[in-house]
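This is what each chain is made of:
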Amino acid sequence: MKRVYLDHNATTQPRPEVIAAVADALTHHGNPSSVHADGRRAKHRVDAARQALARAVNAKPQEIIFTSGGTEANNLALKGLGRRRLLWGATEHDSVRAVAAAWDGPKAEIPVGPDGRIVLDDLAALLAQSDEPTLIAVMLANNETGVVHPISDIVTIAKDHGALLHVDAVQALGKIPVDFRALDIDSMSVSAHKLGGPPGVGALIVREGKTIASLVSGGGQEMRRRAGTENLPGIAGFGVAVDLATPTDFTAIAVLRDQLEAKITEVAPDAVIVARDADRLPNTSAIVMPGVASHTQVMALDLAGVAISAGSACSSGKVAQSHVLTAMGIGDDLAGCAIRVSLGRQTTADDVAQFVAAWFALYQKTRDQKIGTRAVS
Ligand code: PLP
């Protein structure tokens, strides 16, 4: 049976050029802090990757701090930007929510509407409540539903109140255009493994002139903003991945995703496509099969050769209710029956057909069983 991988928001396959760059950086090793030729070659690789990322997101190379991934980048922004008060979106990734949960100062969660987008009036009202210097954290695109937040409206409100804005662009980069300068935000997180780079490397981009306190003490790497010997193979692979990532690849993927959703709602009229009409990433679909628990669907589809996830799969193995769907006002009965399907560059119409067939087989089986149960009771 052919395996079909539709979990690209969890992680996506590294490109062959990326694997080659990682292998080359391991083969021709060197510490970028060493002054000899091997060290200088390593430093050159880090600089080249920094330039590539700066080009890809329209930032300055000196604004980039390489990290161990999106999680560390979010932690660094929230803890390092030095604001007392924190406001964060209700559908943020756990790497923001966990920092918010442990936050020592004044804080509040910003609600989202049924479309999954930040409620702008609520944000403005929260900002008006306090004169405390505030940091707002809102993601560009959601990992479970693909919903894209109205960042330019949020920037306007943030500026009116003198607040800083951190944006988690981990899922957006590579899938939709991401322009740090045009977004006009204070900091932004990105991660390599979501766009065909290696796992364990990412970056925080911090607007020039903003100071950021390092989370770890040690050497002076990354302009004293992130101590520790650089992950040279990871950074080299990241540079190649961002150079190759073109959001235009996703135009065809959006067509496949829309066909997938159309087919599902045609064969199962009671299925729900979450935030179907909202501005969304081109590859992501959150689908509810009423009455069938998310983890049951994940297991049944896996047996049918299809890899998908129950909501966010970032902390694998967890089968908790999705805070994203709950924040959107979706009741437990439906939120517990949602799966996330996320397509990638390599996804084909055959892959989509295999998914729809496997999904529908489960749907029919559970409907037949229900009818049977009702008949005997
Ligand atoms: N932010 C978002 C929106 C994500 O989807 C993820 C991972 O799925 C992260 C942050 C964490 O990134 P990383 O896996 O690089 O730590």
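Above this text is the structure in question.
What you see is a predicted model; the values in this text were computed from it and never measured.

What counts and how
- Residues numbered from 1 in each chain as written.
- Predicted model: local features only at pLDDT ≥ 70, side-chain atom pairs only at ≥ 80, totals over all residues.
- Heavy atoms only, no water.
- Helix = DSSP H or I, 4+ residues; strand = E, 2+ residues; numbered from the N terminus.
- Buried < 20%, exposed > 50% of the residue type's maximum accessible area, 1.4 Å probe, protein only.
- Pairing = 2+ DSSP bridges.
- Contact = heavy atoms within 4.5 Å.
- Axes fitted to C-alpha atoms, helices over the stretch in contact; angles between N-to-C directions.
- Left-handed = near helix turned anticlockwise from the far one by under 90°.
- Nonpolar A, V, L, I, M, F, W, Y, C, P; charged D, E, K, R; others polar.
- Phe/Tyr/Trp six-rings, centres within 6.5 Å; stacked < 30°, edge-to-face > 60°.
- 1 Å grid on protein atoms, 1.4 Å probe; cavity = no way out; pocket = protein on both sides within 12 Å on 5 of 7 lines; lining within 4 Å.
- Points joined across faces, edges and corners; volume = space filled by probe spheres on them.

K.L.:
Any details on unusual backbone geometry? Residues and values, ideally.
P.N.:
Although it is not a glycine, Asn 58 sits at a positive phi angle of roughly 55 degrees. Mapped onto the fold, Asn 58 is located in the loop between α2 (37-57) and β2 (64-67). Residue classification places Asn 58 among the partly exposed positions, given a relative accessible area of 36%. Backbone geometry places Met 223, a non-glycine residue, at a positive phi of 55 degrees. Position of Met 223 relative to the elements: it lies in helix α8 (residues 221-224). Judged by relative accessible area, Met 223 falls into the exposed class, the value being 57%.

K.L.:
I'd like to hear about the sheet that holds strand β10 (residues 284-288), residue by residue, with values.
P.N.:
As summarised here, the arrangement of the three strands in space is β9-β10-β12, forming an open sheet in which the pairing is antiparallel. Of all strands in the sheet, those with a lone pairing partner are β9 (272-273) and β12 (338-342), marking the two edges. Direction of pairing for β9 relative to β10: antiparallel, over a ladder of two bridges. Within β10, the residue paired with Ile 273 across the bridge is Ile 287. Sitting on the sheet, helix α10 (residues 250-267) is in contact with β9, β10 and β12, with an inclination near 10 degrees to β10.

K.L.:
Any details on the packing of helix α3 (residues 70-80) against helix α4 (residues 94-101)? Residues and values, ideally.
P.N.:
The geometry of α3 relative to α4 is characterised by a closest axis approach of 9 Å and an angle of 35 degrees between their N-to-C directions. The two elements α3 and α4 cross, and the hand of that crossing is right-handed. On α4, the residues that touch Thr 71, Asn 74, Asn 75, Leu 78 and Lys 79 of α3 are Ser 95, Val 96 and Val 99. Split by residue class, the contact of α3 with α4 holds three nonpolar, four polar and one charged.

K.L.:
So what's going on with the packing of aromatic side chains? Which residues, and what values?
P.N.:
The final tally for this structure, using the stated rule, is three aromatic pairs. Ring centres 5.4 Å apart and planes at 15 degrees place the aromatic pair Trp 359 and Tyr 363 in the stacked group. A residue pair is termed a helical-turn pair when its members lie 3 or 4 positions apart in one helix, as Trp 359 and Tyr 363 do in helix α14 (residues 349-376) at four residues. Taking the relative accessible area as the measure of exposure, Trp 359 reaches 0% and is therefore buried. For Tyr 363, a relative accessible area of 9% gives the class buried. Relative to Tyr 363, the ring of Phe 360 has its centre 5.9 Å away and its plane inclined at 25 degrees; by these criteria the two rings are stacked. Placement of both Phe 360 and Tyr 363 in helix α14 is noted, with a separation of three residues, approximately one turn of the helix. Ring-pair connections join several aromatic residues into one group, and the members of that group are Trp 359, Phe 360 and Tyr 363.

K.L.:
Just give me the short version of the sheet that holds strand β4 (residues 107-110), but keep the residues and values in it.
P.N.:
Taken in spatial order, the seven strands make up an open sheet running β2-β8-β7-β6-β5-β3-β4, and their pairing is mixed. Unpaired on one side and paired on the other, β2 and β4 mark the two borders of the sheet. Neighbour-to-neighbour, the strand axes of this sheet turn through a mean angle of 20 degrees, independent of strand direction. Bridging between strand β5 (residues 134-139) and strand β6 (residues 164-168) involves five bridges; their strand directions are parallel. Opposite Ala 137, over in β6, you have His 166 as the bridge partner. Seen against the sheet, α4 touches β3 (85-89), β4 and β5 and runs at an angle of roughly 145 degrees to β3.

K.L.:
So what's going on with empty space enclosed by the protein? Residues and values would help.
P.N.:
The final tally for this structure, using the stated rule, is two cavities of 30 Å³ or more. Of the pockets and cavities examined, the largest cavity occupies roughly 150 Å³. Along the walls of the largest cavity sit 17 residues, with Thr 12, Lys 194, Leu 195, Phe 250 and Arg 345 positioned nearest its centre.

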